[in-house]
Amino acid sequence: MLYFTSDLHFGHAKIIKDCRRPFSSVEEMNELLIQYWNDTVKPQDDVYILGDFALKLSLEETHALFERLCGHLHLIFGNHDHEITRHRYFFRDVLESMHSLSTLRIMGDKRLILCHYPLMFWCGDYEDRFIHLYGHIHNNAQDNIWASYLRNACNVGVDVNNYHPVSLDEILEKIKVHNAQLPLDQCINPPLNMRNGKLSLNVCRSDLPVANDEVLTQHKD
């Protein structure tokens with residue numbers, strides 16, 4: 001089975017406050033994230049981590065975390081994966097693939113566009129068979145409002161998925177429901193037959209709602 005996740009931020013104490021995570025300490029967070037992962041993923045499953053795996057940990061500590069997680073692991077680099085990116089040879093025994101951006105073929109002609117960041121446009125974004133998975137924006141209210149105007153896209157970050165990896169079946173069902181609720185004339189990436197030769201409708205829409213004061217403060221290192 002295929003699973004996807006993002007933005008675990010192992011070792012990053014400040015993320016607990018920034019994203020209002022229900023953990024009392026970074027140690028508890030680390031252990032529970034591992035427990036939730038291993039309760040979900042079987043050893044034979046493939047898991048794609050869409051960036052920001054760990055912060056403020058040594059190479060050895062980060063490597064040890066990968067070793068404790070079930071499944072065949074694949075990493076899409078995020079903005080906080082600098083040390084893994086620089087020392088990728090050190091992780092070759094625990095990561096089966098490492099990329100900045102990746103396209104994964106599934107179920108015949110379907111494609112998953114995997115990137116740490118939510119993309120406004122991607123190859124085939126006007127077709128339902130091209131699906132974009134991303135992370136980076138955590139549970140930030142304003143950012144998720146903007147991303148909600150993307151069809152065929154899903155935030156797989158732990159902060160909006162109950163701190164568990166998400167299966168491909170769950171993602172496809174979420175996207176099906178989301179697409180049905182999003183009016184085609186309001187989405188950023190409408191189907192090709194609605195574009196009239198243009199890349200999109202009006203990307204810089206002035207009528208998009210603005211998040212209320214529950215917007216979270218952007219976290220910093």
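Keep in mind that what you see is a predicted model, and the values were worked out from it rather than measured. (Residues numbered from 1 in each chain as written. Predicted model: local features only at pLDDT ≥ 70, side-chain atom pairs only at ≥ 80, totals over all residues. Heavy atoms only, no water.)

K.L.:
Explain the nonpolar core residue by residue, including any values.
P.N.:
Residues Leu8, Phe10, Trp37, Phe53, Phe66, Ile84 and Leu95 are the most contacted members of the largest nonpolar core, which totals 32 residues. Listed by contribution, the elements that provide at least two residues to this core are α1 (14–18), α2 (26–40), β2 (46–49), α3 (59–67) and β3 (72–76). No other element matches α2, which puts six residues into this core. If sequence neighbours within four positions are ignored, Phe10 has contacts with Asn30, Leu33, Ile34, Phe53, Ala54, Leu55, Leu57 and Leu65. One finds Ile106, Leu114, Leu168 and Ile171 within the second-largest nonpolar core, a separate group that totals 18 residues. (Core = buried A, V, L, I, M, F, W, Y, C linked by side-chain atoms within 4.5 Å. Buried < 20%, exposed > 50% of the residue type's maximum accessible area, 1.4 Å probe, protein only. Helix = DSSP H or I, 4+ residues; strand = E, 2+ residues; numbered from the N terminus. Contact = heavy atoms within 4.5 Å.)

K.L.:
Break down the packing of aromatic side chains for me, with residues and values.
P.N.:
For any pair of aromatic rings, geometry is given as the distance between the ring centres together with the angle between the planes. Per the counting criterion, the structure on display carries six aromatic pairs. Ring centres 5.6 Å apart and planes at 20° place the aromatic pair Phe4 and Tyr48 in the stacked group. Pair noted here: Phe4 is in strand β1 (residues 2–5) and Tyr48 is in strand β2, with a separation of 44 residues, a long-range link. Accessibility assignment for this pair places Phe4 and Tyr48 in one class, buried. Their ring planes at 10° and their centres at 3.9 Å tell us that Phe53 and Phe66 sit as a pair that is stacked. Remark: Phe66 occurs in helix α3 and Phe53 occurs in the loop between β2 and α3; sequence separation between them is 13 residues. (Phe/Tyr/Trp six-rings, centres within 6.5 Å; stacked < 30°, edge-to-face > 60°.)

K.L.:
Let's hear about the sheet that holds β2: which residues, and what values?
P.N.:
Pairing in this open sheet of five strands is mixed, and the strands run β4-β3-β2-β1-β9 from one edge to the other. A single partner strand is all that each edge strand has here, and the edge strands are β4 (97–99) and β9 (166–167). In the sheet, β3 pairs with β4 via three bridges, with the strands oriented parallel. Its bridge partner being in β4, Leu75 is matched across the sheet by Met98. (Pairing = 2+ DSSP bridges.)

K.L.:
Provide a residue-level description of the sheet that holds strand β5 (residues 101–106), including the pertinent values.
P.N.:
Sheets are built from strands that pair by backbone hydrogen bonding, the pairs being arranged parallel or antiparallel. Taken together, the four strands give an open sheet; going across it, the order is β5-β6-β7-β8, and neighbouring strands pair in mixed fashion. Looking at the sheet topology across the chains shown, the edges are occupied by β5 and β8 (153–155). Across the sheet, the axes of successive neighbouring strands diverge by a mean angle of 20°, strand direction being ignored. Note: β5 against strand β6 (residues 110–115), six bridges, orientation antiparallel. For Leu101, the partnering residue across the bridge sits in β6 and is Cys115. Sheet strands touched by helix α6 (residues 168–181): β5, β6, β7 (130–134) and β8. Its angle to β8, the strand with the most contacts, is close to 120°. (Axes fitted to C-alpha atoms, helices over the stretch in contact; angles between N-to-C directions.)

K.L.:
Can you tell me about the pattern of salt bridges, naming the residues and giving the values?
P.N.:
Two side chains that carry opposite charge are able to pair once their charged atoms sit near each other. What the rule picks out here adds up to six salt bridges. The shortest N-O distance in the salt bridge between Lys14 and Asp18 comes to 2.9 Å. Of this pair, Lys14 and Asp18 are both found in helix α1, four residues apart, which corresponds to roughly one turn of the helix. Among the residues examined, Lys14 registers a relative accessible area of 38% and is labelled partly exposed. As a salt-bridge pair, Arg68 and Glu31 come within 2.8 Å of each other at their nearest N and O atoms. Here Glu31 lies in helix α2 and Arg68 lies in the loop between α3 and β3, a separation of 37 residues in the sequence. Residue class for Arg68 comes out partly exposed when judged on its relative accessible area of 41%. (Salt bridge = Lys/Arg side-chain N within 4 Å of Asp/Glu carboxyl O.)

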